[in-house]
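# Coordinates in review
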Amino acid sequence: MEPAKEEESSVQDEAVDKSNFKNCNHIAFYRRQKLLHPGKSLYQALLDSVTLCNDSVKLQIINEKNKVPLLVEIYAIEGNIFRLKINEVSPLKSRYEVPDVLIKEPTTQRLSIAQKEGDILVLTCAGDDRKLHITANPFQIELESKGETILSVNTNGLLYFEHLQPPPQNSKTTAQKKEDTSTDSSQENQEDLGLWQEKFGRFLDIKANGPSSIGLDFSLHGCQHVYGIPEHAETLLLKNTSDDDAYRLFNLDVYGHKIHDKMGIYGSVPFLLAHKPNRTSGIFWMNSSETLVEINTKAVMEHVLSKSPPDITKQRVVPQTDVRWMSESGIIDVFLLLGPTPFDIFKQYAQLTGTQALPPLFSLGYHQCRWNYEDEQDVKAVDTGFNEHDIPYDVIWLDIEHTEGKRYFTWDKKKFQHPKRMQKLLKRKKRKLVVIIDPHIKVDPVYTLYSQAKKKGYFVKDRKGQDFEGICWPGSSSYLDFTNPEVREWYADQFAFKSYKGSTDILFVWNDMNEPSVFKGAELTMQRDAVHHGNWEHREVHNLYGFYQQMATAEGLIRRSRGQTRPFVLTRSFFAGSQKYGAVWTGDNVAKWSYLKISIPMLLTISIAGISFCGADVGGFIGDPEPELLVRWYQAGAYQPFFRGHANIKSKRREPWLFGDENTRIIREAIRERYTLLPYLYSLFYRAHTTGEPVMRPLWVEFPKEQETFGVEDEYMLGNALLVHPVIEQEATTVNVLLPGSDEVWYDFRRFRRLDYPGTLKIPVTLESIPVFERGGSVVPLKTTVGRSTEWMTDISYELRVALDSKDFAIGELYLDDGHSFQYLHKKQFLHRKFTFHKNVFSSSCADEIGQYRTKCVVERVLILGVQKQPTSVTASLQGKRDGKDKEVVFTYDPKTSTLTLEKLLLNVGADWEIHIK
């Protein structure tokens, strides 16, 4: 029987309760690892076991207590990366190694032995200033570049590795267990350590393979600022952790999650960045089991050899951050990224896990969602409402109620009788539809999807070999095993138009509840002893589950278009590499000011961990935002990568026109601003797609030497040109804005006022808008006007906003293609233009000769900010034009703002041209 809505909601309300979730002390492998205290490592390297291979150096280390040998493999990877793998030399059975996250096996460089004497082994990379110092006893590794120690491994002796063991004879049942008096590990102690089974509340986790936890510590020298490891509702700058308060990476459905809490929520990216003024480095811990990260920044004494004779050693105090990683299972497989710049780090991480998929242009527009739009009439009314109120939008979304009894890939026969006709009407208005498709499948023998999957054995199993069953929205459900490539193939085929009845080519997909969420399960997720393809326990693959569903969904959407059209898939659960498949959002937030405020550091953290296409539900998913909060959230969301308004089933309706004329006008303005900004945003996404640069970035990324930016999280850069400071306090009349860089020039993005005195400024604000500044030296491409959706705007002309720096120079770019297909990739159908202002000449040239794309679109207007005096004449000339005549340009000059406006230019955006200012 299908549960009533009240039952569903009660399950949901239960999820808010923190007692449903573990804290660190509930986690057995954490308690076991914490018995190992910092000090001399139990491991020593056997230097006579060192072998040089083509791609790596291998050696064995041994634990002096249990004498179990481990194999250490060290790889130097092209592009300033090292990889360290540690596994058992001969495990009882294979240990899990994360597949599918790396885009390819990394290209290695040859390592050679520079020194091997006594206790020391030094490895170097050909034609390179990097060195690896390996100490044998205790086993430690130091990474050095240009004579500076950047990072060391196992400095605190916290290398931890539980080798696989046969089950103890007495682990049959509790009744059969006998006290083993010959060892100190009494039954009670064994239970406390959770070696073979672990209790949490009424749940018992049976560990078929016993304890298999791993851990390792790293010291980042000279660093006191570390970032990354999303997803947490926490500050941008990672905090020092206390003993029972580590950052937890374990994907969980936490409805209305707490703020300033290190508990795991929907996604996990085990990638940490460390920054100091002269270097950024990164640690990518590739493990998909539950992972805890402890951080400790401290001051240490460093010995410096004096340069002047006699050689005396001086001491100085420097910061150091120690990071300890602990995972429930798997092997140690860690990538050490040496930068040295923030952009080098992004490139190195993208080289391993892939770049952001280039989104279809419509998905950068505004998305209107709620749980739930009731029926086809409701969809039509909301769609019409946007037109009537002159507010652009691109996508309307349908949540779980659109299906037949929460059976995904179906339509409610009463409410959505004519889904194709509904989509046809949307298509006519050049708009799209997104529907929700969750991973749980209703247990129902007459539901085709369920019966097919059951017959093929495609569901995750419980430890007894039966299909795992848990409660979710449809009631009793089974869960597709997306870790199985065959299941992913089959699932992708379900999106074919002939399989997914009522779907059309404007339908795209939202994967929710894919942590996976299991109501009434341990921590509201799947039992860790459930079994996946290849006989791997769920504990090994937990954080990959949503990653694999999004991968299969994206593949399905590409396949249904025969490889022609870019997919759009939003996922709630994610892992390292999820950027390759689409977008993520921050989950079930609350309509409170504090959630608007925390959304900024949350999105910045997700962005620097490789996933540029991210956003937070505008207005807050849970509750009812007051009008001021809703307005402020729209203004912030308009300048963030993924822009969607969403609300809970219990929330009052909140379409943008329901809050009075004045608020409607301001929200309309915010959304329209977003649409004028699309050329810039799309160009930023092209950069994210080609170079791994985040679209939304912390200030320190653009100003890596400016210490005052290192902890800033209430403002951010959108690309390298715009600084955005959302208003996140109620009834604010002023905000303090940091404009960084002593030699930078900044301009008010709307009023063009030049600000020559960077630093922290008190900026007055009204409800009308939020502070946005353009950085001197940049060119921002905009559309001159907006349409009802992105597709209406294809031929609308461009405005180029040129902001001069202190040397009267500016540079910028525009990327352009058809906005929806893969032709940019396969047929090189794109335009990549470069704009330069230098010595009073503003020019457009080709930034990438490979790209060819015909467009009627023109640059109609150019605004040049920071022009000190009125010119006498302005002329434009097209390069390569036979008559070679210069065309006089209509211009106006505003001495108040030092802004030169060039109008009616009609210069083709794909052509080379120059504008001369005399």
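Above this text is the structure in question.
Because the structure is a prediction, the values reported are computed rather than measured.

Rules of the game
- Residues numbered from 1 in each chain as written.
- Predicted model: local features only at pLDDT ≥ 70, side-chain atom pairs only at ≥ 80, totals over all residues.
- Heavy atoms only, no water.
- Pairing = 2+ DSSP bridges.
- Helix = DSSP H or I, 4+ residues; strand = E, 2+ residues; numbered from the N terminus.
- Core = buried A, V, L, I, M, F, W, Y, C linked by side-chain atoms within 4.5 Å.
- Buried < 20%, exposed > 50% of the residue type's maximum accessible area, 1.4 Å probe, protein only.
- Contact = heavy atoms within 4.5 Å.
- Salt bridge = Lys/Arg side-chain N within 4 Å of Asp/Glu carboxyl O.
- Polar contact = N/O pair within 3.5 Å; in protein donor to acceptor, adjacent residues only side chain to side chain.
- Expected span 1.5 Å × (residues − 1).
- Axes fitted to C-alpha atoms, helices over the stretch in contact; angles between N-to-C directions.
- Parallel < 35°, antiparallel > 145°, perpendicular 65-115°, else oblique.
- Nonpolar A, V, L, I, M, F, W, Y, C, P; charged D, E, K, R; others polar.
- Phe/Tyr/Trp six-rings, centres within 6.5 Å; stacked < 30°, edge-to-face > 60°.

## Considering the sheet that holds strand 37 (residues 722-724)
The strand order across the open sheet built from six strands is 35-36-37-42-39-40, with neighbouring strands paired in antiparallel fashion. Each edge of the open sheet is held by one strand with a lone partner, namely strand 35 (696-697) and strand 40 (754-755). In this sheet, strand 40 lies alongside strand 39 (residues 746-748) in antiparallel orientation, the contact comprising two bridges. Bridging from a neighbouring strand, Trp746 pairs with Leu755 of strand 40.

## Regarding the nonpolar core
Core analysis: the largest hydrophobic core is formed by 179 residues, its most contacted members being Phe284, Leu480, Phe568 and Tyr639. Discounting residues that sit within four places of it in the chain, Phe568 has contacts with Pro360, Phe362, Ser363, His367, Trp397, Val434, Phe508, Val509, Leu557, Ala583, Phe613 and Phe642. Listed in part, the 51 residues of the second largest apolar core include Val57, Val72, Leu132 and Ile214.

## What about the pattern of salt bridges?
In this structure the tally under the stated criterion is 65 salt bridges. A salt bridge links Asp378 to Arg653, with the nearest nitrogen and oxygen atoms 2.9 Å apart. One end of the pair, Asp378, is in helix 5 (residues 376-388); the other, Arg653, is in the loop between strand 34 (643-645) and helix 13 (661-676), with 275 residues separating them in the sequence. Owing to a relative accessible area of 11%, Asp378 belongs among the buried residues under this scheme. Arg653 sits in the partly exposed class, given a relative accessible area of 33%. Between Lys432 and Glu791 there is a salt bridge, with its nearest N and O atoms 2.8 Å apart. Taken together, the residues span a long stretch of sequence, with Lys432 in strand 24 (residues 432-436) and Glu791 in the loop between strand 43 (778-783) and strand 44 (798-803) at a distance of 359 residues. In this structure, a network of salt bridges that share partners links the residues Asp205, Arg248, Glu290, Glu328, Glu523, Arg528, Glu537 and Arg539.

## Some points on the environment of Asn209
With respect to the secondary-structure elements, Asn209 resides in the loop between strand 13 (203-206) and strand 14 (214-221). Along the sequence, Asn209 and Asp529 sit 320 residues apart, while their C-alpha atoms lie 9.9 Å from each other. In terms of polar contacts, Asn209 uses its side chain to reach the side chain of Lys93, at 3.2 Å.

## Regarding the pairing of strand 28 (residues 507-511)
Most of strand 28 is tucked away, with five of its five residues classed as buried. The alternating pattern of strand 28 places Leu507, Val509 and Asn511 and Phe508 and Trp510 on opposite faces, both of which are buried. Here four bridges tie strand 24 to strand 28, and the two strands are oriented parallel to one another. Bridging across to strand 28, Val434 finds its partner in Phe508. With three bridges joining them, strand 28 and strand 31 (residues 569-571) adopt parallel strand pairing. Each residue of the ladder has a partner; that of Val509, found in strand 31, is Val569.

## Looking at helix 4 (residues 342-353)
Taking 1.5 Å as the rise per residue, helix 4 with 12 residues should run 16 Å; its terminal C-alpha atoms sit 17 Å apart, in good agreement. Turning to helix 4, its buried residues number three or more, namely Pro342, Ile345, Phe346, Gln348, Tyr349, Ala350, Leu352 and Thr353. One or two residues past the end of helix 4 sits Gly354, with phi positive at roughly 100°.

## A short note on the packing of helix 11 (residues 593-608) against helix 12 (residues 627-637)
Where helix 11 meets helix 12, the closest approach of the two axes is 10 Å, and the angle between their N-to-C directions is 10°. As summarised for this structure, helix 11 and helix 12 are arranged roughly parallel, according to the angle between their axes. Note on element contacts: helix 12 touches helix 11 through Glu628, Leu629, Arg632, Trp633 and Ala636, opposite Trp593, Tyr595 and Leu596. When the residues that make up the contact of helix 11 with helix 12 are grouped by side-chain class, the tally is six nonpolar, no polar and two charged.

## Re the sheet that holds strand 34
With respect to topology, eight strands assemble into an open sheet ordered 33-32-31-28-24-23-22-34, the strand pairing being parallel. What marks the edges here is a single partner per strand, and that holds for strand 33 (614-615) and strand 34. Across two bridges, the pairing between strand 32 (residues 583-585) and strand 33 is parallel. Bridge pairing in strand 33 links Val584 to Cys614. Contacting strand 28, strand 31 and strand 32, helix 10 (residues 545-560) crosses the sheet at an angle of about 175° to strand 28.

## Thoughts on the side chain of Gln320
On the secondary structure map, Gln320 appears in strand 20 (residues 313-327). By relative accessible area, Gln320 is classed as buried at 9%. A distance of 3.4 Å separates the side chain of Gln320 from the side chain of Ser219, its partner in a polar contact. With near-sequence residues (within four places) excluded, Gln320 lies in contact with Ser219, Leu220, His221, Gly222, Cys223, Asn296, Thr297, Lys298 and Val300.

## Points about the packing of aromatic side chains
Given two aromatic rings, one states the distance between the centres and the angle between the planes to describe the pair. In the structure shown here, the tally under the stated rule is 49 aromatic pairs. Ring geometry for Tyr682 and Tyr815: centres 5.8 Å apart, planes at 45°, overall tilted. Pair noted here: Tyr682 is in helix 14 (residues 678-691) and Tyr815 is in strand 45 (residues 810-816), with a separation of 133 residues, a long-range link. Both residues of the pair, Tyr682 and Tyr815, belong to the buried class. Through pairs of rings, three or more aromatic residues link up here, namely Phe362, Trp397, Phe508, Trp510, Phe568, Trp585, Phe613, Phe642 and Phe685.

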